[in-house]
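What follows is each chain in one-letter form.
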Amino acid sequence: MRYGARGFGQLSLALGRRLVGWLPGLLLGLSCVLPAAAQTKSAENAPPVVLVRPVEVRTLAPQSEYVGRLAVFDKVELRARVKGVLGKREYADGTKVAEGQLLFTIDPTPYRIAVNQKRALRDGAQAALINADAQLKRAAELLRTNNVSQVSYDQRLAEQLQAKATLDDAQAQLDDAELQLSYTQITAPIAGLIGRSSVSPGNLVGPESGVLATIVNERQIRALFSVPQADLLNVRRDLRAGEPLAVRLRLADGKLYSEKGKVDFIDVAVDPTTDGQMARAVFDNADELLTDGQTVRVIVEGNEPAKVMVVPQAAMAIDQTGRYVYVVDGKGVVEQRRITVDFVRDGMIAVTSGLKEGDRVIVQGQQRVRAGMVVEAQPAPAPAGQPKR
């Protein structure tokens, strides 16, 4: 199709009018796109947000925590001391038993028969000794009147001594038989809590049968734990000064045991594999919450509180060089500080060097920062139960 000069003019006029109609919408779209792009670029360049806590000075006593294992004072393993068929069980598994309470019986019939046999032998020996005493007495009277020879008297004396020895042997055999009979009744040598039985009634048992059941007295319990040499020096100083160390237990659920204990023993030898010495603390266990063999955390508290600089334990990190924290200065610049730690207590670390009071230490967000970076520091909330500063 061909257009003349007039046609081209009309076409240009129509296109111009259409562009004028599109222009407001185009400008509006550009106005929306440009701020969004600027905002995205601004967010990418924004400094990372970290949570900080100031270094505080508090009065705290030193505290150390070790892995320990509980052990009861009194623990008895019940075993069969004679061979026989196990009779009725006289207790329920897991119950408390009294000292002297009957727990098991072993068929006593063969042992009772043996006692009767040994008693008969003893009675016969007693009769023989009575006769020998009489013969010796008669021989002694005849010897005084010269109606019997010295040889006859010596023979009667030897017979009396032999009868006495026979009686002693018969009495010993009877005592042994009665002792074996007494072993057919297995009683509790201590009061305490008894565990499950490992053998059912009707089975043949004997000394080789192993442990029938175990009784433990958990009214008092010991915590055994290994103390490194560096910490042991402080423990020994306090003990020699006559000041008992306060010892607490942290249980598997993270809670502290209500009763405090005291260190009553430190082993005399160092374990070369751990470079530590075994220590023992004693605890009352009236509620029997603690159990023999239980794993706990033993917390030893020092006796001399002192003012120390503390930061949350979450702020500390460790690399090949040692411990360090990140500090944010007044301009928001991150600095790495090497620190020396004295002790850890209640989630706080006591720092002896590397920090000063008021330094803002990063407690959350350390993974996103490095030394020299600019960050936006926000105060971290105070832990539960701790007043805000």
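Residues numbered from 1 in each chain as written. Predicted model: local features only at pLDDT ≥ 70, side-chain atom pairs only at ≥ 80, totals over all residues. Heavy atoms only, no water.

(A) Quick look at the pairing of strand 12 (residues 261-266). Bridge analysis of strand 11 (residues 246-250) against strand 12 gives two bridges, and the strand direction is antiparallel. For Ala246, the partnering residue across the bridge sits in strand 12 and is Lys262. Bridge analysis of strand 12 against strand 13 (residues 276-284) gives four bridges, and the strand direction is antiparallel. Within strand 13, the residue paired with Lys262 across the bridge is Val282. (Pairing = 2+ DSSP bridges. Helix = DSSP H or I, 4+ residues; strand = E, 2+ residues; numbered from the N terminus.)

(B) Local environment of unusual backbone geometry. In this model, Asn146 sits at a positive phi of 60°, which is unusual for a non-glycine residue. Within the element layout of this structure, Asn146 appears in the loop between helix 2 (109-144) and helix 3 (150-182). Note on Asn146: relative accessible area 69%, which makes it exposed. The backbone of Glu288 shows a phi angle near 55°, a positive value even though the residue is not glycine. By secondary structure assignment, the location of Glu288 is in the loop between strand 13 and strand 14 (295-301). Overall, the relative accessible area of 25% leaves Glu288 in the partly exposed class. (Buried < 20%, exposed > 50% of the residue type's maximum accessible area, 1.4 Å probe, protein only.)

(C) How the structure looks around the sheet that holds strand 15 (residues 306-312). Pairing is antiparallel in the open sheet, where four strands are placed in the order 2-15-20-19. Each edge of the open sheet carries a strand with a single partner, namely strand 2 (56-60) and strand 19 (340-345). Taken over all neighbouring pairs, the strand axes of this sheet differ in orientation by 45° on average, direction set aside. Judged from the four bridges that link them, strand 15 and strand 20 (residues 348-353) form a sheet pairing that is antiparallel. Pairing of Val311 across the sheet is with Ile349, part of strand 20. (Axes fitted to C-alpha atoms, helices over the stretch in contact; angles between N-to-C directions.)

(D) Summary view of helix 3. With 33 residues, helix 3 ought to run about 48 Å at 1.5 Å a step, and its terminal C-alpha atoms sit 48 Å apart, in line with that. Buried within helix 3 we find Gln160, Ala163, Leu167, Ala170, Leu174, Ala177 and Leu181. (Expected span 1.5 Å × (residues − 1).)

(E) Up close: the confidence of the model for the protein. Across the protein, the average pLDDT comes to 84, with 84% of residues at 70 or higher. Long-range and interchain partners of residues 1-6, a stretch whose pLDDT sits below 50, account for one contact in this model, where long-range means more than four residues apart. (pLDDT = per-residue confidence, 0-100. Contact = heavy atoms within 4.5 Å.)

(F) Expanded view of the nonpolar core. Within the largest apolar cluster, 24 residues are counted, with the highest numbers of intra-cluster contacts made by Leu78, Leu103, Phe104, Ile194 and Ile215. Of all elements in the fold, only strand 6 (102-105), helix 2, helix 3 and strand 10 (211-228) reach the threshold of two or more residues within this core. Excluding residues that lie within four positions of it along the chain, Ile194 makes contacts with Leu78, Tyr91, Ala92, Asp93, Gly94, Thr95, Val97, Leu103, Ala213, Thr214 and Ile215. Among the nonpolar cores identified, the runner-up in size contains 23 residues, and Tyr66, Val72, Ala281 and Val296 belong to it. (Core = buried A, V, L, I, M, F, W, Y, C linked by side-chain atoms within 4.5 Å.)

(G) Highlighting the pattern of salt bridges. By the definition in use, this model includes 15 salt bridges. With a shortest N-O distance of 3.1 Å, Glu77 and Arg79 are connected by a salt bridge. Judged by its relative accessible area of 42%, Glu77 falls in the partly exposed class. The closest approach of N and O atoms between Lys356 and Asp359, which form a salt bridge, is 3.1 Å. Residue classification places Asp359 among the buried positions, given a relative accessible area of 8%. (Salt bridge = Lys/Arg side-chain N within 4 Å of Asp/Glu carboxyl O.)

(H) Summary view of the side chain of Arg337. Looking at the element boundaries, Arg337 is found in strand 18 (residues 334-338). In this structure Arg337 comes out as buried when scored by relative accessible area, which is 17%. A polar contact is formed between the side chain of Arg337 and the side chain of Glu335, at a distance of 3.0 Å. There is a polar contact of 3.0 Å between the side chain of Arg337 and the side chain of Asp359. When sequence neighbours within four positions are dropped, the list of residues in contact with Arg337 reads Arg323, Tyr324, Val325, Val327, Gly354, Leu355, Lys356 and Asp359. (Polar contact = N/O pair within 3.5 Å; in protein donor to acceptor, adjacent residues only side chain to side chain.)

(I) Just the environment of Thr352, in detail. Mapped onto the secondary structure, Thr352 falls in strand 20. If we ignore the near neighbours within four places in the chain, the residues touching Thr352 are Thr340 and Asp342.

(J) Structural view of the packing of aromatic side chains. Taken as a whole and judged by the stated rule, the model has three aromatic pairs. Ring geometry for Tyr91 against Phe104: centres 5.5 Å apart, planes inclined by 80°, an arrangement best described as edge-to-face. Placement of Tyr91 in the loop between strand 4 (84-85) and strand 5 (96-97) and of Phe104 in strand 6 is noted, with a sequence separation of 13 residues between them. The two residues Tyr91 and Phe104 agree in class, both being buried. Directly above the aromatic system of Phe73 lies the positively charged group of Arg222, at a separation of 4.6 Å from the ring centroid. (Phe/Tyr/Trp six-rings, centres within 6.5 Å; stacked < 30°, edge-to-face > 60°. Lys NZ or Arg CZ within 6 Å of the ring centre and 35° of its normal.)

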